[in-house]
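Commentary on secondary and tertiary structure
These are the residues of each chain, in order.
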Amino acid sequence: MPPIDNSTSELLQWAVVGYLLGSIPFGLLFAKVMGLGNLREIGSGNIGATNVLRTGNKAAAALTLLFDAAKGAAAVLIARAYAGEDAAQIAALFAFLGHCFPIWLGFKGGKGVATFLGLWLALDWRVGVACCLSWLVAAAIWRISSVGALAAAALSTTWVLVLTNGQSFILGIILTLLIYWRHSTNVARIKAGTEPKIGKS
């Protein structure tokens, strides 16, 4: 954990900022703007880039991935610039929660992978790059997006310990557990051999 330099009320304010940024549903917005239909009725019904890709529109999927990652990074960078590292970690956690449980969508959001990668890139670019590479390698081998996500999450705390001073370790544990919880149905399908391949419905 980083030193706590802000008051509880100040950290709560950054939690709100992080949550509001994270809760912007870019997948739904891009699907609507680009005339792709209701994302909730396509594929898994998820609002993330993987499900946007199931519409067949690679540009929309790429934009969703980019903006979902950017909102996580923005939450961290803004909080760090104005209030320091403790606020940055709080904003990171709540940006992730905002994506997964957006108030605008009845708290039914995405699984947080792009936001997870974006916030790590902002918290420490070395950990972020290592997580992205972990996702890419696992997804390339198994051709399953969720396997990439689970691999990146599982290895993230290792990268924190290897590449940094460890101040983000507890946050890393929390985010890893949340990623696995959000992917519990994916884990069941992986075990059953029924998890869709990348680009398939």
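Within an unreviewed UniProt entry, the label attached to the protein chain reads Glycerol-3-phosphate acyltransferase, and the organism entered is Ruegeria atlantica. Quoted straight from UniProt, the Subcellular location (unreviewed entry) entry for the protein chain says "Cell membrane". Turning to the protein chain, the UniProt annotation filed under Pathway (unreviewed entry) states: "Lipid metabolism; phospholipid metabolism."

This paragraph deals with the UniProt feature "transmembrane region" (unreviewed entry) in the protein chain. The UniProt record annotates "transmembrane region" (unreviewed entry) at residues 12-31, 60-82, 88-107, 119-142 and 148-181. Secondary structure content for residues 119-142 is 96% helix and 0% strand, and the end C-alpha separation is 25 Å. A distance of 15 Å separates the end C-alpha atoms of residues 148-181, which is 85% helix and 0% strand.

In this section: the packing of aromatic side chains. If you walk through the whole model with that rule in mind, you get 5 aromatic pairs. Summarising the aromatic geometry, the rings of Trp 14 and Tyr 82 are spaced 6.4 Å apart at their centres and angled 25 degrees between planes, so their arrangement reads as stacked. Pair noted here: Trp 14 is in helix H1 (residues 8-22) and Tyr 82 is in helix H4 (residues 58-83), with a separation of 68 residues, a long-range link. Residue Tyr 82 is classed as exposed on the basis of its relative accessible area, which comes to 69%. When the centroid spacing of 5.8 Å and the interplanar angle of 35 degrees are considered together, the rings of Phe 101 and Trp 181 count as tilted. Here the residue Phe 101 occupies a position in the loop between helix H5 (85-100) and helix H6 (113-123), and Trp 181 occupies one in helix H9 (residues 169-182), the gap between them amounting to 80 residues.

Turning to the side chain of Asp 86, a few remarks are in order. You can see Asp 86 is positioned in helix H5. Despite its burial, Asp 86 pairs with no opposite charge, the nearest such side chain being Arg 80 at 9.3 Å. Of note is the side chain of Asp 86, whose polar atom sits 2.8 Å from the backbone nitrogen of Asp 5. With residues up to four places along the chain from it excluded, the contact list for Asp 86 reads Pro 2, Pro 3, Ile 4, Asp 5, Asn 6 and Leu 11.

What counts, and at which threshold
Residues numbered from 1 in each chain as written. Predicted model: local features only at pLDDT ≥ 70, side-chain atom pairs only at ≥ 80, totals over all residues. Heavy atoms only, no water. UniProt positions renumbered as here; feature names shortened; annotations may be inferred. Helix = DSSP H or I, 4+ residues; strand = E, 2+ residues; numbered from the N terminus. Phe/Tyr/Trp six-rings, centres within 6.5 Å; stacked < 30°, edge-to-face > 60°. Buried < 20%, exposed > 50% of the residue type's maximum accessible area, 1.4 Å probe, protein only. Lys, Arg positive; Asp, Glu negative; His and termini not counted. Salt bridge = Lys/Arg side-chain N within 4 Å of Asp/Glu carboxyl O. Polar contact = N/O pair within 3.5 Å; in protein donor to acceptor, adjacent residues only side chain to side chain. Contact = heavy atoms within 4.5 Å.

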